[in-house]
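Structural overview for review
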Amino acid sequence: MELFRIKKDIPFMRHALIFNVISALTFVAAVFFLLHKGLHLSVEFTGGTLMEVSYSKPANLERVRKTIDSLGIADANVQSFGEASRVLIRLPVDKALTTAQQGDKVFNALLAQDADVKKQSVSFVGPQVGDELAHDGLRALLMVIVGVMAYLAVRFEWKYAVAAIIANLHDVVIILGFFAFFQWEFNLSVLAAVLAVLGYSVNESVVIFDRIRENFRKQRKTSVTEVIDNAITSTISRTVITHGCTQIMVLAMLLIGGPTLHGFATALTIGILFGIYSSVFVAAAIAMWLGVKREDLIKPIKEKDDTDGAVV
């Protein structure tokens, strides 16, 4: 399925150096903000109070958020829990109050707003749990990276694996850099989005690499840069369809999904946009700089020796 077809190949690799410099500067800026500002971690990672309340009817989450905000509690996370009538509230650590006091403070405010509310439970999540989540998340990220590299090295060749993983890490660091620069809350849903972007981004790289391999078989006398340009150009229509449809869904979550999905949708939006860019101008270009050639994917056919099978 194609929306359009470009007859003349676009010389992407002619400008590869310029785009790689832009990518490197963007990457360095993202790393700088991560080191200088750091991530604004949510309660899941830093520890805090978990509070569950219930209503006899579907809860108005926006009203609950406004009530908590009116108490001067920043970064509280409010979401439905199991049923529409049950609400899970995550509150950051307040050194001036105990867990019970903080829970009573919030519950009394909710009770004044709606007498129908009932307190189900109040518990404290220690920072050690947050550390465990952070380590588990980092471990999951490393496992995904190793798995992607192994898959690409087996399916294609090590140069493609290195190029793709650099492009993928580029996307991940850029997402983290945005969250560090704007100090958006980094929670478990954002971490899930980062892991999703890794798989999503590598899919685009695999499509381009597969077309490059196919072109090497068909275009025997074409240079490597021309083969790569043709592979990228011929997959543009597919890229527009795939990423366009995905972005429409993610934008719907971003615009009307509410605060609970906002961080997740924001991370995916950044990841999708930079995933397209990195697959074309980072992964393919790095593969070219690493010296990928036809022999890496298409083994030369050995000429048959005329003396083989000769009777002496």
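Below, the structure is looked at part by part. (Residues numbered from 1 in each chain as written. Predicted model: local features only at pLDDT ≥ 70, side-chain atom pairs only at ≥ 80, totals over all residues. Heavy atoms only, no water.)

Points about the overall build of the chain
- Scanning the chain for helices and strands turns up 11 helices and six strands.
- At 26 Å, the chain has a C-alpha radius of gyration far larger than the 20 Å of a compact globule built from 312 residues.
- Expressed along its principal axes, the backbone C-alpha trace of the chain runs to roughly 100 × 40 × 40 Å.
- Looking at the chain residue by residue over its 312 residues, the buried ones come to 43%.
- Considering only residue pairs separated by 6 or more positions, the chain has 79% of its internal contacts joining residues 24 or more positions apart. (Helix = DSSP H or I, 4+ residues; strand = E, 2+ residues; numbered from the N terminus. Rg over C-alpha atoms; globule rule 2.2 N^0.38 Å. Buried < 20%, exposed > 50% of the residue type's maximum accessible area, 1.4 Å probe, protein only. Contact = heavy atoms within 4.5 Å.)

Focus: the nonpolar core
- Counting residues in each nonpolar core, the largest one holds 59 residues, and the members touching the most others are Met 13, Leu 152, Phe 209, Ile 212 and Ile 232.
- Among the elements that make up this core, the one with the highest residue count is helix α10 (residues 259-289) (16 residues).
- Ignoring any residue separated from it by four or fewer positions in sequence, one finds Ile 212 in contact with Tyr 160, Val 227, Ile 228 and Ala 231.
- Core analysis: the second largest hydrophobic core is formed by 16 residues, Val 53, Val 64, Ile 73 and Phe 107 among them. (Core = buried A, V, L, I, M, F, W, Y, C linked by side-chain atoms within 4.5 Å.)

Observations regarding the pairing of strand β2 (residues 48-54)
- Most of β2 is tucked away: six of the seven residues are buried.
- Across seven bridges, β2 lies against strand β4 (residues 83-92) in antiparallel orientation. Bridged to Val 53 within β4 is Val 87.
- Here β2 runs beside strand β5 (residues 118-125); their pairing, made up of seven bridges, is antiparallel. Within the sheet, the bridge partner assigned to Glu 52 lies in β5 and is Ser 121. (Pairing = 2+ DSSP bridges.)

A closer look at helix α3 (residues 61-70)
- All of the buried residues in α3 are Leu 61, Val 64, Arg 65, Thr 67 and Ile 68. Along α3, the residues classed as buried sweep out an arc of 160° about the axis, all on the same side. Exposed side chains of α3 directed beyond 90 degrees from the buried face belong to Lys 66, Asp 69 and Ser 70.
- Two or three places before Glu 62, at the start of α3, stands the capping residue Asn 60, its side-chain oxygen 3.3 Å from that residue's backbone nitrogen.
- Among the residues trailing α3, Gly 72 stands out with phi positive, at a value near 80°. (Arc of directions from axis to C-beta. Polar contact = N/O pair within 3.5 Å; in protein donor to acceptor, adjacent residues only side chain to side chain.)

Examining the sheet that holds β2
- Spatially, four strands are ordered β3-β4-β2-β5 in an open sheet, and the strand pairing comes out antiparallel. Looking at the sheet topology across the chains shown, the edges are occupied by β3 (77-81) and β5. The average undirected angle you get between the axes of adjacent strands in this sheet is 20°.
- The sheet contacts of α3 involve β3 and β4, and relative to β3 the element is tilted by about 150°. (Axes fitted to C-alpha atoms, helices over the stretch in contact; angles between N-to-C directions.)

Some words on the packing of aromatic side chains
- The final tally for this structure, using the stated rule, is 13 aromatic pairs.
- Pairing Phe 19 with Phe 281 gives two aromatic rings, centres 4.0 Å apart and planes at 25°, and the pair type is stacked. Of this pair, Phe 19 sits in helix α1 (residues 16-36) while Phe 281 sits in helix α10, placing them 262 residues apart in sequence.
- Lying across the ring of Phe 181, Lys 37 places its NZ or CZ 4.8 Å from the centre. (Phe/Tyr/Trp six-rings, centres within 6.5 Å; stacked < 30°, edge-to-face > 60°. Lys NZ or Arg CZ within 6 Å of the ring centre and 35° of its normal.)

Here we look at the side chain of Arg 213
- Relative to the elements of secondary structure, Arg 213 occurs in helix α7 (residues 188-218).
- Looking at Arg 213, its side chain comes within polar contact range of the side chain of Asp 210, at 2.8 Å.

Topic: the pairing of β3
- Two strands pair when backbone bridges link them, and β3 and β4 are joined in this way by five bridges, in the antiparallel orientation. Its bridge partner being in β4, Asn 77 is matched across the sheet by Arg 90.

Concerning the side chain of Ser 54
- Counting through the fold element by element, Ser 54 comes out in strand β2.
- Judged by its relative accessible area of 9%, Ser 54 is buried.
- The contact partners of Ser 54, leaving out residues within four places of it in the chain, are Ser 85, Arg 86, Asp 116, Val 117, Lys 118 and Gln 120.

Overview of the environment of Glu 295
- Within the secondary structure layout, Glu 295 lies in helix α11 (residues 294-297).
- Taking relative accessible area as the criterion, Glu 295 reaches 40% and is therefore assigned partly exposed.
- Between the alpha carbons of Glu 295 and Leu 71 there is a distance of 67 Å; along the sequence they are 224 residues apart.

Describing the environment of Tyr 55
- Within the secondary structure layout, Tyr 55 lies in the loop between β2 and α3.
- When the C-alpha positions of Tyr 55 and His 36 are compared, they lie 43 Å apart, and in sequence the two are 19 residues distant.
- Leaving out residues up to four positions away in the same chain, Tyr 55 has contacts with Val 64, Ser 85, Val 87, Leu 110, Asp 114, Asp 116 and Val 117.

Side note on helix α4 (residues 99-113)
- With 15 residues, α4 extends 21 Å from end C-alpha to end C-alpha; this agrees with the ideal 21 Å at 1.5 Å per step.
- Of the positions making up α4, those classed as buried are Gln 102, Gly 103, Val 106, Phe 107, Ala 109 and Leu 110. Angularly, the buried residues of α4 cover 155° about the axis, an arc narrow enough to put them on a single face.
- Of the surrounding elements, those touching the buried residues of α4 are β2, α3, β4 and β5. (Expected span 1.5 Å × (residues − 1).)

Remember, this is a structural readout, not a statement about activity or role.
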